Amino acid sequence: MQVVKLTLVVGLIGALGASAWHVAAPTPQASVPPPSAAAPPPETGTPVYAANVVARFPHDRDAFTEGLLFCNGTLYESTGKEGASDIRRVDLATGKVLARARLTPDLFGEGIGCWKNSLLSLTWKTGIGFRWTLPTLKRVGAPFHYTGEGWGMTSDGGSLLLSDGTPTLRRIDPAGFTERGRIAVTLNGRPLAKLNELEFVGGRILANVWMTGFIARIDPASGRVDGLIDLRPLIAEVQASDPDAVPNGIAYDAAHDRLFVTGKYWPTLFEIKIGEEVGRAN
């Protein structure tokens, strides 16, 4: 059985307790095994799935993407870097920015989440967040505060979910932004850190794993990663030369059952479907 090594960044190595994920291709099985043949052993590890491209759309190649979402049928994006962070409403077909709200130069913008008719945004190390009206992107109300770093955010319909770079996701009350609970995320029984941009799709949490070419699919009840989505062919296609140009941005258009991904400084936003199993991560 063929095995492919996937080397991870140092910060993720510690979380996995190993220097690489070993992704093994599925073992071919005969459709009708001989009667005398022993049953094949159960496969171990976490399934890895292909990301099949359905369509391609233009994306701002200068955008240091930190958050991506559909809210009320409209595409929104947040970007990072001090002095360049903003929240924007984007036309999917053209990639054109239709409206933009800039953060002050001292803030590094991060993930965004949708709640009812408002958008909430995080900042990286300052522990401060904001609420914005939709679709106008006007600041509303007082800033909210949280401990630790802000990375990614999404909603499961009852709470907001927040990532902070650790293997733990936090459940947040959307009204007061107070913590309701935590989800400890594991891959093959080991804590999985560097969870970044989030999206909630079909009862599962999708999370970009920072500095890797993979999206983790997380069971919110157990925290277990029950699948990985391989974005490495998309990385190869965009031919990004900047080391920071990693996948970061997952948006789900629930009204039309469409899933989109992009990355920092990527010229393309991809509509994808989760395809067949291509291997196992051990």
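Everything here concerns the structure above.
This structure is a prediction, so every number in the text was calculated from the model and none was measured.

(A) A look at the pairing of strand 24 (residues 268–281). Sheet topology note: the strand 3 (residues 46–58)/strand 24 ladder contains eleven bridges and is antiparallel. Bridging from a neighbouring strand, P47 pairs with R280 of strand 24. Where strand 23 (residues 258–263) meets strand 24, three bridges bridge the pair, whose relative direction is antiparallel. Considered in strand 24, the bridge of L259 is made with I272. Linkage of strand 23 to strand 24, two consecutive antiparallel strands, is achieved through a turn of four residues, within which Y265 is found at a positive phi near 65 degrees.

(B) Looking closely at the sheet that holds strand 6 (residues 86–90). Across the sheet, which stays open at both edges, the four strands sit in the order 4-5-6-7 with antiparallel pairing between neighbours. Here the strands that pair on one side only, and so sit at the sheet edges, are strand 4 (65–71) and strand 7 (97–102). Within the sheet, the average angular offset between the axes of one strand and its neighbour, ignoring direction, is 20 degrees. Examined bridge by bridge, strand 5 (residues 74–79) and strand 6 share five bridges and lie antiparallel to one another. Counted as the bridge partner of E77 is R88 from strand 6.

(C) Spotlight on the side chain of E199. As for its placement among the helices and strands, E199 is situated in strand 18 (residues 195–201). Although E199 lies buried, it forms no salt bridge, and the closest oppositely charged side chain, R258, sits 12 Å away as judged by the N-O distance. At 3.0 Å, the side chain of E199 and the backbone nitrogen of Y252 are in polar contact. In contact with E199, not counting residues within four places along its chain, are L68, L69, T154, R204, I205, L206, I250, A251 and Y252.

(D) A look at the sheet that holds strand 11 (residues 139–145). If you trace the four strands from one edge of the open sheet to the other, you get 8-9-10-11, paired in antiparallel fashion. Every interior strand has two partners, whereas the edge strands, strand 8 (109–115) and strand 11, have only one. If you compare each strand with its neighbour and ignore which way they point, the axes differ by 25 degrees on average. With four bridges joining them, strand 9 (residues 118–123) and strand 10 (residues 128–133) adopt antiparallel strand pairing. Paired with L119 across the strands is W132, a residue of strand 10.

(E) Representation of the side chain of K264. Here K264 shows up in the loop between strand 23 and strand 24. A relative accessible area of 3% places K264 in the buried class. Reaching out from K264, the side chain makes a polar contact with the backbone oxygen of T65 at a distance of 3.4 Å. If sequence neighbours within four positions are ignored, K264 has contacts with A63, F64, T65, E66, D244, A245, V246 and N248.

Rules of the game
- Residues numbered from 1 in each chain as written.
- Predicted model: local features only at pLDDT ≥ 70, side-chain atom pairs only at ≥ 80, totals over all residues.
- Heavy atoms only, no water.
- Pairing = 2+ DSSP bridges.
- Helix = DSSP H or I, 4+ residues; strand = E, 2+ residues; numbered from the N terminus.
- Axes fitted to C-alpha atoms, helices over the stretch in contact; angles between N-to-C directions.
- Buried < 20%, exposed > 50% of the residue type's maximum accessible area, 1.4 Å probe, protein only.
- Lys, Arg positive; Asp, Glu negative; His and termini not counted.
- Salt bridge = Lys/Arg side-chain N within 4 Å of Asp/Glu carboxyl O.
- Polar contact = N/O pair within 3.5 Å; in protein donor to acceptor, adjacent residues only side chain to side chain.
- Contact = heavy atoms within 4.5 Å.

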